[in-house]
Amino acid sequence: QSKKISYVLAYGVGPYFHHDFIKSLKRNQKFVLCFDEQTNNKNCKQLDLLVRYWCYDKGLVITRYYKSILLGHATAIILKNAIMDSLKADGLELKQVLMLGRDSPFVNLSLENMIDNEMKKINCSLLKIGGCNLHVVHNGFKTGNHKHFI
């Protein structure tokens, strides 16, 4: 039955794959934490987290789903605490976060500044290259391919 399959996936094999993913992630000095906050179909705020990192086993950059966190009212402080608690629960260190992948709303900018302030307390900081870092990096590579350099 569908409920039994969901249960087996969520509580049976799901934890194995999550543990395997965290083990792979811990092998890296840095990773990019991507996040997006949205309202789900139950009209509840949900924070979705993805991680982009170099996978040594596969020899390439991978983007993987990390987790979803259900929230009530989602202020920057609540989002920061949810992210910090998630990293800590999985034994990941804040200093491993290279940058945040985010869109540009002001709550996300505030969140980025709060996480950067937490990182400064442990003598590191976020790499900040703009709101949506994927577009900035993509455009940088696109420009680099035109051989405008001397």
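Residues numbered from 1 in each chain as written. Predicted model: local features only at pLDDT ≥ 70, side-chain atom pairs only at ≥ 80, totals over all residues. Heavy atoms only, no water.

A.B. asks: If you had to explain the overall build of the protein chain to someone new, which residues and values would you point to?
C.D. replies: Check the secondary structure of the protein chain and you find four helices and four strands. Order of helices (α) and strands (β) in the protein chain, N terminus to C terminus: α-β-β-β-α-β-α-α. For the protein chain, the residues scored as buried account for 33% of the 150 residues in total. In the protein chain, once contacts between residues fewer than 6 apart in sequence are set aside, the share between residues at least 24 apart is 56%. Summed over its atoms, the accessible surface of the protein chain is roughly 10000 Å², and 59% of this surface lies on carbon and sulfur atoms. (Helix = DSSP H or I, 4+ residues; strand = E, 2+ residues; numbered from the N terminus. Buried < 20%, exposed > 50% of the residue type's maximum accessible area, 1.4 Å probe, protein only. Contact = heavy atoms within 4.5 Å. Areas by Shrake-Rupley, 256 points an atom, 1.4 Å probe, with all protein chains shown as cover.)

A.B. asks: Tell me about the side chain of Gln-96, residues and numbers included.
C.D. replies: Along the chain, Gln-96 turns up in the loop between α2 (76-89) and β4 (97-101). Taking the relative accessible area as the measure of exposure, Gln-96 reaches 8% and is therefore buried. Setting aside anything within four residues of it in sequence, one finds Gln-96 in contact with Leu-25, Lys-26, Asn-28, Gln-29, Lys-30 and Phe-31.

A.B. asks: Please provide a residue-by-residue account of the nonpolar core, values included.
C.D. replies: The nonpolar side chains of a soluble globular protein tend to be buried with one another. Membership of the largest hydrophobic core comes to 30 residues, with the highest contact counts inside it found for Phe-31, Leu-33, Leu-47, Tyr-66 and Val-97. Secondary-structure elements contributing two or more residues to this core are α1 (2-26), β1 (31-39), β2 (45-55), β3 (60-71), α2, β4 and α3 (106-120). Excluding residues within four positions of it along the chain, Leu-33 makes contact with Leu-49, Leu-50, Val-51, Tyr-66, Ile-83, Val-97, Met-99, Leu-100 and Gly-101. (Core = buried A, V, L, I, M, F, W, Y, C linked by side-chain atoms within 4.5 Å.)

A.B. asks: Can you explain the sheet that holds β1? Please cite residues and give values.
C.D. replies: In spatial order, the strands read β3-β2-β1-β4; together these four strands make up an open sheet with mixed pairing. Of all strands in the sheet, those bounded by a partner on one side alone are β3 and β4. Between one strand and the next, the sheet's axes are offset by a mean angle of 25 degrees, whatever the strand orientation. Examined bridge by bridge, β2 and β3 share eleven bridges and lie antiparallel to one another. Each bridged residue has a counterpart across the sheet, and for Cys-55 the counterpart in β3 is Leu-60. (Pairing = 2+ DSSP bridges. Axes fitted to C-alpha atoms, helices over the stretch in contact; angles between N-to-C directions.)

A.B. asks: Go over α2, please, and point to the residues and values.
C.D. replies: With 14 residues, α2 extends 20 Å from end C-alpha to end C-alpha; this agrees with the ideal 20 Å at 1.5 Å per step. Those residues of α2 that fall on the buried side of the exposure criterion are Ala-76, Leu-79, Lys-80, Ala-82, Ile-83, Ser-86 and Leu-87. Buried residues along α2 cover an arc of 165 degrees about the axis, so they all sit on one side. Across α2 from its buried face, at more than 90 degrees, point the exposed residues Asp-85, Lys-88 and Ala-89. In the stretch just after α2, Gly-91 is the one whose phi turns positive, near 75 degrees. (Expected span 1.5 Å × (residues − 1). Arc of directions from axis to C-beta.)

A.B. asks: Describe a nonpolar patch on the surface, naming the residues involved and giving the relevant values.
C.D. replies: Together, Ile-5, Leu-9, Val-13, Tyr-16 and Phe-17 line one region of the surface with nonpolar side chains, adding up to about 520 Å² of accessible area. Tracing the sequence through the fold places Phe-17 in helix α1. (Patch = residues over 30% accessible without salt bridge, like charges linked within 9 Å, V, L, I, M, F, W, Y side chains within 5 Å. Salt bridge = Lys/Arg side-chain N within 4 Å of Asp/Glu carboxyl O.)

A.B. asks: Could you give me a rundown of the side chain of Asp-48, with the residues and numbers involved?
C.D. replies: By the secondary structure assignment, Asp-48 is in strand β2. Of the side chains with opposite charge, Lys-45 comes closest to the buried, unpaired Asp-48, at an N-O distance of 12 Å. In this structure the side chain of Asp-48 is engaged in a polar contact, spanning 2.7 Å, whose partner is the side chain of Gln-46. At 2.5 Å, the side chain of Asp-48 forms a polar contact with the side chain of Ser-68. Every residue in contact with Asp-48, bar those within four places of it in the chain, is listed here: Cys-34, Phe-35, Asp-36, Gln-38, Lys-67 and Ser-68. (Lys, Arg positive; Asp, Glu negative; His and termini not counted. Polar contact = N/O pair within 3.5 Å; in protein donor to acceptor, adjacent residues only side chain to side chain.)

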